[in-house]
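# Survey of secondary and tertiary structure
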Amino acid sequence: MKDAKARILEQVRDYHGTEEKEFEPGVTAVWPSGAVFDAADRVALVEAALDMRIAAGVSSRRFEREFARYFRLRKAHLANSGSSANLLALSAFTSPQLEDRRMVPGDEVITVAAGFPTTVNPIIQNGMVPVFVDVELGTYNTTVERIEAAIGPRTKAIMIAHALGNPFAVEEVARLAEERGLFLIEDNCDAVGSTYRGRLTGTFGDVSTTSFYPAHHIAMGEGGCVLTDNLALARIVESMRDWGRDCWCEPGEDNRCFKRFDYQMGTLPHGYDHKYIFSHVGYNLKSTDLQAALGLSQLSRLDAFGAARRANWSLLREALDGVPGLIPPRATEGGDPSWFGFALTVEPGAGYTREGLVAFLESRKIGTRRFFAGNLTRHPAYLDRPHRVSGTLTNSDIVAGHTFWVGVYPGLTEEMVRYIAESVRDYARKNS
Ligand SMILES: Cc1ncc(COP(=O)(O)O)c(C=O)c1O
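Given the structure is predicted, the values throughout are model-derived calculations rather than measurements.

## Overview of the layout of surface pockets
Taken as a whole, the largest pocket spans an internal volume of roughly 840 Å³. Counted by class, the lining of the largest pocket contains ten nonpolar, six polar and eight charged residues.

## Thoughts on the sheet that holds strand β13 (residues 369-370)
Read across the sheet, four strands follow the order β10-β12-β15-β13 without closing on themselves; strand pairing throughout is antiparallel. Whereas interior strands pair on both sides, the edge strands pair on one side only; in this sheet they are β10 (326-327) and β13. Pairing geometry for β13 and strand β15 (residues 403-406), over two bridges, is antiparallel. Bridge pairing in β15 places Arg 370 opposite Phe 404.

## What to know about the environment of Thr 143
Inspection of the secondary structure puts Thr 143 in the loop between β3 (129-133) and α6 (144-150). The buried category is assigned to Thr 143, whose relative accessible area is 13%. Along the sequence, Thr 143 and Thr 332 sit 189 residues apart, while their C-alpha atoms lie 9.8 Å from each other.

## Points about the sheet that holds strand β8 (residues 207-211)
An order of β1-β9-β8-β5-β4-β2-β3-β14 is seen for the eight strands of this open sheet, with the pairing classed as mixed. Each edge of the sheet is formed by a strand with only one pairing partner; in this case those strands are β1 (75-79) and β14 (388-389). Strand direction decides the pairing type here: strand β2 (residues 108-112) and strand β4 (residues 155-161), joined by three bridges, are parallel. Looking at the pairing, Ile 110 lines up with Ile 158 of β4. The strands touched by helix α4 (residues 82-91) within the sheet are β1, β2, β4, β5 (183-187), β8 and β9 (224-228), with β8 carrying the most contacts at an inclination of about 170°.

## Re the nonpolar core
What tends to happen in soluble globular proteins is that the nonpolar side chains get buried as a cluster. Counting 34 residues, the largest nonpolar core has Ile 110 and Ile 158 as its most contacted members. Counting residues per element, the ones that place at least two in this core are β2, β3, α6, β4 and α7 (170-179). No other element matches α7, which puts five residues into this core. Shared between two domains, this core holds at least three residues of each, these being domain 1 (46-298) and domain 2 (302-431). Dropping the residues within four chain positions of it, Ile 158 is found in contact with Val 109, Ile 110, Ile 147, Val 173, Ala 177, Leu 182, Phe 183, Leu 184 and Ile 185.

## Some details on the domain arrangement of the protein
Here the domain parsing of the protein yields domain 1 (46-298) and domain 2 (302-431). A straight line from the C-alpha centre of domain 1 to that of domain 2 covers 28 Å. With both sides pooled, the region where domain 1 packs onto domain 2 buries about 3800 Å², and carbon together with sulfur makes up 59% of that total. Three residues stand out in domain 1 for area buried against domain 2, namely Leu 137, Tyr 140 and Leu 164, and they jointly supply 21% of the buried area on that side. At the boundary of domain 1 with domain 2, the tally comes to one salt bridge. Summed over the shared surface of domain 1 and domain 2, the number is 27 residue pairs in polar contact (both at pLDDT 80 or more).

## Looking at the side chain of Ser 208
If you trace the backbone, Ser 208 turns up in strand β8. Only 2.8 Å separates the side chain of Ser 208 from the backbone oxygen of Gly 202, close enough to count as a polar contact. Once residues lying within four places of it in the same chain are set aside, the contact partners of Ser 208 are Glu 186, Gly 202, Cys 225, Val 226 and Leu 227.

## Notes on helix α10 (residues 302-319)
Here α10 spans 26 Å end to end across 18 residues, near enough to the 26 Å set by a 1.5 Å rise per residue. Within α10 the residues assigned to the buried category are Leu 302, Phe 305, Gly 306, Arg 309, Asn 312, Trp 313, Leu 315 and Leu 316. The inward-facing, buried residues of α10 abut α3 (58-71), α9 (289-299), β12 (342-346), β15 and α13 (414-431).

## Describing the site of the ligand
Surrounding the ligand, one finds 15 residues, the nearest of these being Gly 82, Ser 83, Asp 187, Asp 190 and Ser 211. The separation between an oxygen atom of the ligand and a polar side-chain atom of Ser 83 is 2.6 Å. Asp 187 places a side-chain nitrogen or oxygen 2.7 Å from a nitrogen atom of the ligand. Here the ligand, which alone exposes 390 Å², has 90% of that area covered by the protein. Listing elements by their share of the shell around the ligand, those giving two or more residues are α4 and α5 (117-125). Sorting elements by how many residues they give to the shell around the ligand places α4 first, with three residues. Of the residues belonging to the shell around the ligand, the class tally is four nonpolar, nine polar and two charged.

## Examining the packing of aromatic side chains
Under the criterion given, the structure shown has 19 aromatic pairs. Centroid distance Phe 67 to Phe 212: 5.4 Å. Interplanar angle 65°. Geometry classified as edge-to-face. On the criterion of sequence distance, the pair formed by Phe 67 in helix α3 and Phe 212 in the loop between β8 and β9 is long-range, its members being 145 residues apart. Both residues of the pair, Phe 67 and Phe 212, belong to the buried class. With a centroid separation of 5.1 Å and an interplanar angle of 35°, the aromatic rings of Phe 360 and Tyr 427 are classed as tilted. Here Phe 360 is found in helix α11 (residues 354-363), whereas its partner Tyr 427 is found in helix α13, with 67 residues between them in sequence. The exposure class assigned to Tyr 427 is buried, which follows from its relative accessible area of 15%. By the ring-pair criterion, three or more aromatic residues cluster together here, those being Phe 116, Tyr 140, Phe 340, Phe 371, Phe 372 and Trp 405. Over the aromatic face of Tyr 263 sits the side chain of Lys 259, whose NZ or CZ is 4.6 Å from the ring centroid.

## Here's the deal with unusual backbone geometry
A positive phi angle, close to 60°, is found at Tyr 140, a residue other than glycine. With respect to the helices and strands, the residue Tyr 140 is situated in the loop between β3 and α6.

So, how was this worked out
Residues numbered from 1 in each chain as written. Predicted model: local features only at pLDDT ≥ 70, side-chain atom pairs only at ≥ 80, totals over all residues. Heavy atoms only, no water. 1 Å grid on protein atoms, 1.4 Å probe; cavity = no way out; pocket = protein on both sides within 12 Å on 5 of 7 lines; lining within 4 Å. Points joined across faces, edges and corners; volume = space filled by probe spheres on them. Nonpolar A, V, L, I, M, F, W, Y, C, P; charged D, E, K, R; others polar. Pairing = 2+ DSSP bridges. Helix = DSSP H or I, 4+ residues; strand = E, 2+ residues; numbered from the N terminus. Buried < 20%, exposed > 50% of the residue type's maximum accessible area, 1.4 Å probe, protein only. Contact = heavy atoms within 4.5 Å. Axes fitted to C-alpha atoms, helices over the stretch in contact; angles between N-to-C directions. Core = buried A, V, L, I, M, F, W, Y, C linked by side-chain atoms within 4.5 Å. Domains from an automatic or database assignment. Buried area = accessible area lost by both parts, 1.4 Å probe. Salt bridge = Lys/Arg side-chain N within 4 Å of Asp/Glu carboxyl O. Polar contact = N/O pair within 3.5 Å; in protein donor to acceptor, adjacent residues only side chain to side chain. Expected span 1.5 Å × (residues − 1). Near = heavy atom within 4 Å. Areas by Shrake-Rupley, 256 points an atom, 1.4 Å probe, with all protein chains shown as cover. Phe/Tyr/Trp six-rings, centres within 6.5 Å; stacked < 30°, edge-to-face > 60°. Lys NZ or Arg CZ within 6 Å of the ring centre and 35° of its normal.

Now the structure itself:
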């Protein structure tokens, strides 16, 4: 049997192939994002399938250990998506185990309007109130001053994503959160490998999250992770991920606590099986070993992926310097981003429009994306939801109207990146 497996995996390696297609400008699609898989990734995924590891198992535990070690944090918990990770991260603060620090419906959470919906949705899903602040053009992040001005008597937490991989001023925000007794949740889904003042993003908050959807820095297909240095919070996250149960045995494991039949919790009879005692109103947001096996293989190339993202971004930034009518992106001061994308804002009054430029790029097979929701408060889903706006959302509206991004992901070759730059430059120069 062992030989059969080795033979199959050898064939999988052959099947993967190494053939590189030549880049044909205007014909080959230049995607804004995507996963980059090698033969080892394919082998890892098929091996997990051959072993029928269809639930969480050895690879999941190993991935969680190694990913936590990468961040130098105590705990990582895999989930089935970045959105689920965000839901778990915020929901953890509603745990009765936090006693009087527990968040309750009606509490406020400061967030940004120009972002991805599932950074904000857990706030609403928990009956809390998002307080939207504006972002800066260029960095697409909010500022510590805007966050401070938004704090009200019911504010309990700050939950913000690092915009397209660009860190917000997270050290200062973490300090503010500490001074004002607020929780900080870092949505690090687009920024794995980014640093702020030399320290990895995702390590400043009480909790942080990542996504492993193929557009992200490493891919599992679907997947996400919740990270924290706080063991009590980690236990709550695990419980909420795993149906709300109190027990922490892995699948297929029994009696890790050595007192499975000796608990008395709630108003249950003494000795009720700990495997079926529920201390949270939980979910099932678990992932599988197929995902984790692929993730582990990808993890070994995380730094190389980050280097490629940085190189592609720098090439674009240099090539597009001084192009008329465009606000170029810039890293937050103190940040060294592992970029998710390259954002451009067409200045109002540029002589051409975002729509025109985007249509031109798309006609050349250069994929573009909106800056996610632009201004979330303008979307149908949020119109009748309780929320508060602190200050104005003027820049978020500019983002909604005039911003888009192109790719920097490691699957792009230098030729492709130069083609993107040339195309943007030519269009802008001709139409200004
Ligand atoms: C900032 C941010 N947060 C959360 C998510 C959600 O991740 P997922 O697609 O894995 O649910 C995304 C998705 O791209 C994202 O960009």
